[in-house]
Amino acid sequence: MTDKNLPVVDLRSDTVTQPTPAMRAAMMAAPLGDDVFGDDPTVNALQDKLAALLGFEAALFMPTGTQSNLCAILAHCGRGDEYIVGQLAHTYRFEGGGAAVLGSVQPQPLAQDAAGQMALADVAGAIKPDDCHFARTRLLCLENTWNGHPMPWDYLQSMATLARSKGLALHLDGARLFNAA
């Protein structure tokens, strides 16, 4: 049941979300500081709350999903490394080649099925051997949802188990991708 008088907020992406008047008012009234110097009270409160909620020592606010994905890839991979990713995944298809352009990290895109899943055998087969002729496979990037549907837990677990067994880091993109393809 929905109230037809309430505004609809489209949360598919940081690029299409438009704030409601109440959201704009909250933004305008928020206390300000410089987050570079660690004195923005709103950012600090958000990071503290998320760290506590998720059981981590600290959290880091990123203003866009593209920035957070790029930082994650660059945190796990160095120049000349590669990451395995779905060919239609957000971190490969919709982020301007940032990992390659800014980090010299090579994507290894793999086919995905209609549910956005890569085959476990394809991922295992794409991991490069320890050989100076190949980019070192360091990271497996997965999508959290596909066309608005959460990835099955058993799929995510099997991919995480494979990644760990091969010494790869794992990144889970939280983008709410609505694939037009």
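Residues numbered from 1 in each chain as written. Predicted model: local features only at pLDDT ≥ 70, side-chain atom pairs only at ≥ 80, totals over all residues. Heavy atoms only, no water.

(A) Layout of the overall build of the protein. Helix and strand counts for the protein come out as seven helices and six strands. Along its sequence from the N terminus, the protein presents helices and strands in the succession α-α-α-β-α-α-β-α-β-β-β-α-β. Its C-alpha atoms put the protein at 55 × 45 × 30 Å along the principal axes. Evaluated residue by residue, the protein yields a buried proportion of 30% over its 181 residues. Taking as baseline every contact in the protein between residues at least 6 positions apart, the subset at least 24 positions apart corresponds to 62%. When the accessible surface of the protein is totalled, it reaches about 11600 Å², and 59% of it is carbon and sulfur. Computed over 12 positive and 19 negative side-chain charges, the separation of the two mean positions in the protein equals 4 Å. (Helix = DSSP H or I, 4+ residues; strand = E, 2+ residues; numbered from the N terminus. Buried < 20%, exposed > 50% of the residue type's maximum accessible area, 1.4 Å probe, protein only. Contact = heavy atoms within 4.5 Å. Areas by Shrake-Rupley, 256 points an atom, 1.4 Å probe, with all protein chains shown as cover. Lys, Arg positive; Asp, Glu negative; His and termini not counted. Charge placed at Lys NZ, Arg CZ, Asp CG, Glu CD.)

(B) Geometry of the environment of Gly174. In this fold, Gly174 is placed in the segment after strand 6 (169-173). As for Gly174 and Leu139, which are separated by 35 residues in sequence, their C-alpha atoms are 16 Å apart.

(C) Layout of empty space enclosed by the protein. On inspection of all chains with the given rule, the structure shows one cavity of 30 Å³ or more. When its volume is computed, the largest cavity comes out at roughly 50 Å³. Surrounding the largest cavity, Gly86, Ala89, Gln112, Gly116, Met118, Cys141, Leu142, Glu143, Met151 and Tyr155 form its lining. At three residues, strand 3 (residues 136-143) tops the list of elements feeding residues into the lining of the largest cavity. Residues belonging to the lining of the largest cavity are distributed by class as follows: six nonpolar, three polar and one charged. (1 Å grid on protein atoms, 1.4 Å probe; cavity = no way out; pocket = protein on both sides within 12 Å on 5 of 7 lines; lining within 4 Å. Points joined across faces, edges and corners; volume = space filled by probe spheres on them. Nonpolar A, V, L, I, M, F, W, Y, C, P; charged D, E, K, R; others polar.)

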